[in-house]
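Secondary and tertiary structure notes
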Amino acid sequence: MTDASGGAVALTGGRMASEVFRRDDTVLRAASDSSEFMASLLKIFEQQNFLGAPKYLGQVDGKDILSYIDGEVPTKFQPWSDDQVRAAVRLLREMHDATRGSDLAGRFDVVCHHDPGPNNAVFQDGIPAAFIDFEQAAPGGRLEDVAYFAWTWTISSKQVMPLEDQAAQVRLIANVYGLGEAERRALVDCVLERQSRNVRFWAEFLASPETAPAAPEVLADRIAWSKREHHFVYAHREVFDRALT
Ligand SMILES: Nc1ncnc2c1ncn2[C@@H]1O[C@H](COP(=O)(O)OP(=O)(O)O)[C@@H](O)[C@H]1O
Ligand SMILES: [Mg+2]
């Protein structure tokens, strides 16, 4: 913890933003090219009465001001109970529903968060209550978020939760979200595609370290992790597919 300016306290644990500070009931985050879109998105959430996201409160000194949401944000991926996953999927679905048909979604289905992992969820009394970190939000297909969600909340090659239990929890995700038949058949491919994309995403930073949000060895770890998870899902895809159909 540092006291950087006027009582602002650094919030650590994120993966991308170089500086995130808390000041009283607000969070200050370096403004970026995404700020305008993020501001419009958070305003839509407010209008639609979706409460599972910070409020956008404006800008000061080149920083976005967001409301601080009380609770805990996990820093590690780990197994979550069905109740925790159910609550988070409901949030994801409500978040998507709030943007369907909006100008912001444009020609796409909804606005996707694109990083709705547990590391971007605020837990209150052990239950996910809000998503944060809308920097990568953009128009998209809802399966993109559901696939990334299934990977980061449930699927893990470490198998602390056994494979069959992971598959059952992925089915729970599909059920609670309310995926249709065709979407359920496509989900595993979307997980695989997102894992491949993650490899490329982090690898591009290796090629231009001056813009990278982390040191080369950290990037290499993230690349290795994404590849390992991709191999795991590919090797066991029929177990997940069977649970989904
Ligand atoms: N609105 C918020 N309410 C509560 N905590 C927040 C909020 N925004 C950010 N944080 C905290 O700051 C950390 C980093 O912020 P985040 O927006 O996730 O940046 P990064 O892109 O670096 O992951 C989060 O992991 C969380 O602990
Ligand atoms: Mg984050």
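Check the entry above for the structure.
The following refers to the structure shown. Quick caveat, the model's predicted, so the values are computed rather than measured.

Here is what the cut-offs are and how they apply
Residues numbered from 1 in each chain as written. Chains lettered and ligands numbered in written order. Predicted model: local features only at pLDDT ≥ 70, side-chain atom pairs only at ≥ 80, totals over all residues. Heavy atoms only, no water. Helix = DSSP H or I, 4+ residues; strand = E, 2+ residues; numbered from the N terminus. Rg over C-alpha atoms; globule rule 2.2 N^0.38 Å. Buried < 20%, exposed > 50% of the residue type's maximum accessible area, 1.4 Å probe, protein only. Areas by Shrake-Rupley, 256 points an atom, 1.4 Å probe, with all protein chains shown as cover. Lys, Arg positive; Asp, Glu negative; His and termini not counted. Charge placed at Lys NZ, Arg CZ, Asp CG, Glu CD. Pairing = 2+ DSSP bridges. Contact = heavy atoms within 4.5 Å. Axes fitted to C-alpha atoms, helices over the stretch in contact; angles between N-to-C directions. Expected span 1.5 Å × (residues − 1). Phe/Tyr/Trp six-rings, centres within 6.5 Å; stacked < 30°, edge-to-face > 60°. Lys NZ or Arg CZ within 6 Å of the ring centre and 35° of its normal. Donors = N, O, S within 2.8 Å, 3.2 Å for Na, K, Ca; no water. Disulfide = S-S within 2.5 Å.

**Some thoughts on the overall build of the protein chain**
Helix and strand content of the protein chain: seven helices and nine strands. Relative to the 2.2 N^0.38 estimate, which gives 18 Å for 245 residues, the radius of gyration of the protein chain is 18 Å and therefore close to what a compact globule would have. Each principal axis of the C-alpha atoms in the protein chain carries an extent, and together these give about 55 × 40 × 35 Å. Buried residues in the protein chain amount to 47% of all 245 residues. A total of about 12,200 Å² of accessible surface is found on the protein chain, and carbon and sulfur atoms cover 50% of it. Put simply, the protein chain has 26 plus and 36 minus side-chain charges, and the middle of one group is 4 Å from the middle of the other.

**Some points on the pairing of strand 2 (residues 20-23)**
The sheet contact formed by strand 1 (residues 9-10) and strand 2 spans two bridges and is antiparallel. Counted as the bridge partner of A10 is F21 from strand 2. Bridge count between strand 2 and strand 3 (residues 26-30): four bridges; the pairing is antiparallel. Residue pairing for strand 3: F21 is matched across the bridge by L28.

**Brief notes about the sheet that holds strand 3**
Strand order in the open sheet made by the five strands is 1-2-3-5-4, with antiparallel pairing throughout. Of all strands in the sheet, those bounded by a partner on one side alone are strand 1 and strand 4 (56-60). Lying over the sheet, helix 1 (residues 35-47) contacts strand 4 and strand 5 (63-67), oriented at roughly 155° with respect to strand 4.

**Side note on helix 2 (residues 82-99)**
Taking 1.5 Å per residue as the helical rise, helix 2 with its 18 residues ought to reach 26 Å, and the 26 Å between its terminal C-alpha atoms agrees with that figure. Along its buried surface, helix 2 packs onto helix 1, strand 6 (110-112), strand 7 (121-124), strand 8 (127-131), helix 3 (142-153) and helix 4 (163-177). Of the residues one or two after helix 2, G101 is the one with positive phi, at around 80°.

**Overview of the pairing of strand 4**
When a strand is regular, its side chains alternate between the sheet's two faces. Bridge count for strand 4 against strand 5 is four bridges, and the pairing is antiparallel. Across the sheet, the residue bridging to Y56 is L66, located in strand 5. Between the antiparallel neighbours strand 4 and strand 5 lie two residues, among them D61 with a positive phi of about 45°.

**Digging into the packing of aromatic side chains**
Enumeration over the complete set of coordinates arrives at 13 aromatic pairs. Consider the rings of F77 and W225, whose centres lie 5.5 Å apart with planes at 35°: the pair is tilted. A residue pair is termed long-range when its members are at least 10 positions apart, and F77 in the loop between strand 5 and helix 2 and W225 in helix 6 (residues 216-235) qualify at 148 residues. Centre to centre, the rings of F123 and W153 are 5.9 Å apart; their planes meet at 20°, and the pair counts as stacked. Linking F123 in strand 7 with W153 in helix 3, this pair joins segments that are 30 residues apart in sequence. Grouping aromatic residues by their ring pairs yields a cluster made of F77, Y148, W151 and W225. Over the ring of Y177 we find R93, and its NZ or CZ is 5.1 Å from the ring centre. Of note, R222 hangs over the ring of W202, and the distance from its end group to the ring centre comes to 4.5 Å.

**Describing the coordination of the magnesium ion (ligand 2)**
Reference geometry at the metal: tetrahedral coordination by four donors gives ideal angles of 109.5 degrees; octahedral coordination by six donors gives 90 or 180 degrees. Protein-derived ligands of the magnesium ion (ligand 2) are N120 (OD1) and D133 (OD), with the metal-ligand distances lying across 2.1 to 2.2 Å. Of this pair, N120 sits in the loop between strand 6 and strand 7 while D133 sits in the loop between strand 8 and strand 9 (138-140), and the two are 13 residues apart along the sequence.

**A short note on the state of the cysteines**
Under the counting rule described, the total for this entry stands at zero disulfides. C112 forms no disulfide, and the closest cysteine sulfur to it belongs to C190, at a distance of 10 Å. Classification of C112 by relative accessible area gives buried; the value is 1%.

**Quick look at helix 3**
The terminal C-alpha atoms of helix 3, which comprises twelve residues, lie 16 Å apart, in line with the 16 Å expected from a rise of 1.5 Å per residue. Of all twelve residues in helix 3, eleven are buried; the element is thus mostly enclosed.

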